[in-house]
Amino acid sequence: MRSASAVRAEHAIESASGVEEALEGVSQARGSMARANVVRAVALSLCWACTSSALIFLNNHLLREHGFSYPMMLCSMGMFSSWGISFALVRAGRVKLQHEGTVTPRWYLRHIVPIGGLGAVSLGFGNYVYLYLSVSFIQMLKAGVPAVTLLVMTTAGLEKLHGTTLAGVVVVTLGTFIAVYGEVKFSAIGVIMMLTSEFAEAIRMAFYQYVLGNLKFDLVEGLYIMGPASLLFLGVGIVIFELRDFLENDGMYIVMESPHYFLAAALMGFGVNYLTLGVIKATSGLTFKVMGQVKNAVVILLAVVIFGNPVTAIQLFGYTLSIVGFFVYQKGKMQQQKLAQKRGSL
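Residues numbered from 1 in each chain as written. Predicted model: local features only at pLDDT ≥ 70, side-chain atom pairs only at ≥ 80, totals over all residues. Heavy atoms only, no water.

**What about the overall build of the protein chain?**
Let me state the cut-off plainly: The secondary structure listing takes helices from DSSP runs of H or I that are at least 4 residues long and strands from runs of E that are at least 2 residues long, numbered from the N terminus. For every residue, the accessible area (1.4 Å probe, protein chains only) is compared with the maximum for its type, and the residue is labelled buried under 20%, exposed over 50%, or partly exposed between those bounds. The contact rule is simple, with two residues in contact once any of their heavy atoms fall within 4.5 Å.
Within the protein chain one finds twelve helices and zero strands. Helices and strands appear in the protein chain in the N-to-C order α-α-α-α-α-α-α-α-α-α-α-α. Taken across its 346 residues, the protein chain has 41% of its residues classed as buried. Considering only intrachain contacts with a sequence separation of at least 6, the fraction spanning at least 24 residues in the protein chain is 88%.

**With respect to the layout of surface pockets**
Filter applied, for reference: Put simply, the grid is 1 Å and covers the protein atoms alone, a cavity is a trapped set of points that fit a 1.4 Å probe, a pocket is an open set with protein on both sides within 12 Å along at least five of seven lines, and lining residues have an atom within 4 Å of a point. Grid points are joined across faces, edges and corners, and a volume is the space filled by probe spheres set on the points. When residue character is reported, Ala, Val, Leu, Ile, Met, Phe, Trp, Tyr, Cys and Pro are called nonpolar, Asp, Glu, Lys and Arg charged, and the others, Gly included, polar.
Roughly 270 Å³ of volume is contained in the second largest pocket. For the second largest pocket, the lining is made up of 14 residues, of which Val148, Thr173, Thr176, Phe177 and Leu195 are closest to its centre. Here the lining of the second largest pocket takes five residues from helix α6 (residues 163-181), the largest share from any one element. Residues that form the lining of the second largest pocket fall into these classes: ten nonpolar, three polar and one charged.

**What about the side chain of Asn60?**
Of note, Asn60 is situated in helix α1 (residues 4-65). In this view, Asn60 contacts Glu65, Tyr130, Val135 and Phe307; residues no more than four positions away in its chain are not counted.

**Section: the packing of helix α5 (residues 145-155) against α6**
The relative placement of two packed helices is expressed as an angle between their axes plus a distance between the axes. Condition: Axis geometry follows a simple rule: fit a line to the C-alpha atoms, using only the stretch in contact for helices, then measure angles between N-to-C directions, giving values from 0 to 180 degrees. Every angle not falling under 35 degrees, over 145, or within 65 to 115 is termed oblique; those three ranges are roughly parallel, roughly antiparallel and roughly perpendicular. By convention the crossing between two helices is left-handed if the near helix lies anticlockwise of the far one by an angle smaller than a right angle, and right-handed if it lies clockwise.
Packing of α5 against α6 leaves a shortest axis separation of 8 Å and a crossing angle of 130°. Considering their axes alone, α5 and α6 lie oblique with respect to each other. Seen along the crossing, α5 lies across α6 with a hand that is left-handed. On the side of α5, the interface is formed by Pro146, Ala147 and Leu150, while α6 contributes Thr165, Leu166, Val169 and Thr173. Residue composition of the contact of α5 with α6, grouped by class: five nonpolar, two polar and no charged.

**Some details on the pattern of salt bridges**
Let me state the cut-off plainly: In what follows, salt bridge is the name for a side-chain nitrogen of Lys or Arg lying within 4 Å of a carboxyl oxygen of Asp or Glu.
A complete count under the given rule lists two salt bridges for this structure. Note that Glu201 is salt-bridged to Arg204, the shortest N-O span being 3.1 Å. Of this pair, Glu201 and Arg204 both sit in helix α7 (residues 188-212), separated by three residues, roughly a single helical turn. For Glu201, a relative accessible area of 28% gives the class partly exposed. Two residues, Arg244 and Glu248, come together in a salt bridge whose shortest N-O distance is 3.1 Å. On the criterion of helical spacing, the pair formed by Arg244 and Glu248 is a turn pair, its members being four residues apart in helix α8 (residues 219-248). Here Arg244 matches Glu248 in class, with each residue exposed.

**A closer look at α6**
This is how the line gets drawn: In a helix, the anticipated span is given by 1.5 Å times the number of residues less one.
In this model α6 runs 27 Å from its N-terminal to its C-terminal C-alpha over 19 residues, within 8% of the 27 Å that 1.5 Å per residue would give. Listed as buried for α6 are Thr165, Gly168, Val169, Val172, Gly175, Thr176, Ile178, Ala179 and Val180.

**Some thoughts on helix α2 (residues 71-91)**
Between the first and last C-alpha of α2 there are 30 Å, a value that for 21 residues agrees with the 30 Å anticipated at 1.5 Å per step. Considered for burial, the residues of α2 that qualify are Pro71, Met72, Met73, Leu74, Cys75, Ser76, Gly78, Met79, Ser81, Ser82, Ser86 and Val90. With its phi angle positive at about 80°, Gly93 sits one or two positions after the end of α2.

This is the structure we're talking about:
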């Protein structure tokens, strides 16, 4: 007969073996989940890049080549489809409203309506600019967004200046000015509209951060709640600036002549909004911004090849300088985040 100690030893060995197998199984499961997450992130990123780029070219085609010179109407189609789809999802019970008790009429008027108004200005002028500037030049001007964002956030007291971040913004601004100087088909009105759109978007984000604080809206819930406010202001803009010309020149005929183009633009508008949140959740805000700059560079290249947009050597130098400044800016933001985390742990 075996001794009791021998039996206990065998049990110990079996237990140890069982633990090793369990740990190996957990490790394999984690590896599989990590690979699945990477695949999901890559798939979402590619879908977002393709959809947003396609929407840029489609809007440019409709506004400049198809003769539908009503930018506010065009962007309202995307906003309406976004709100309509979110409304259907909420009413069908597919999405639950997490902040229904918070959103009272008074609260909506004080918090959401200003954000909706700024969003309408950003979208409206962001589309109007395609009537005055080339696709490639618009993407170059977008490289100056960090400078506008830092200015607005610092003025609002929502962000403190940091040496590396400030240096990046200075380089971005210098590069953007060089790109503007090198533009062949320069339009002062177009540049002013682009800057207005960028400032409105930066102020909207600052206002969103200030008034909503830690209230985190899911994308669908956010579109459901904020969509009507943006549509209201876009509707006012359409009535003031576009409706009369649209009716006098039978603009509806242009829509009915190629309804598939406008339906595609509307659905792509929702797709870009939804995929943006999906990419940020699957990666990070920093990764999303970096991918945005890469996408802009690809759009510039495609605009030169497809539309024949002229790009000068001075512009390319200025844009490259802006990209370098962008990465310096992001490095500064990462340093600020690490410093804040260290202070929070003390």
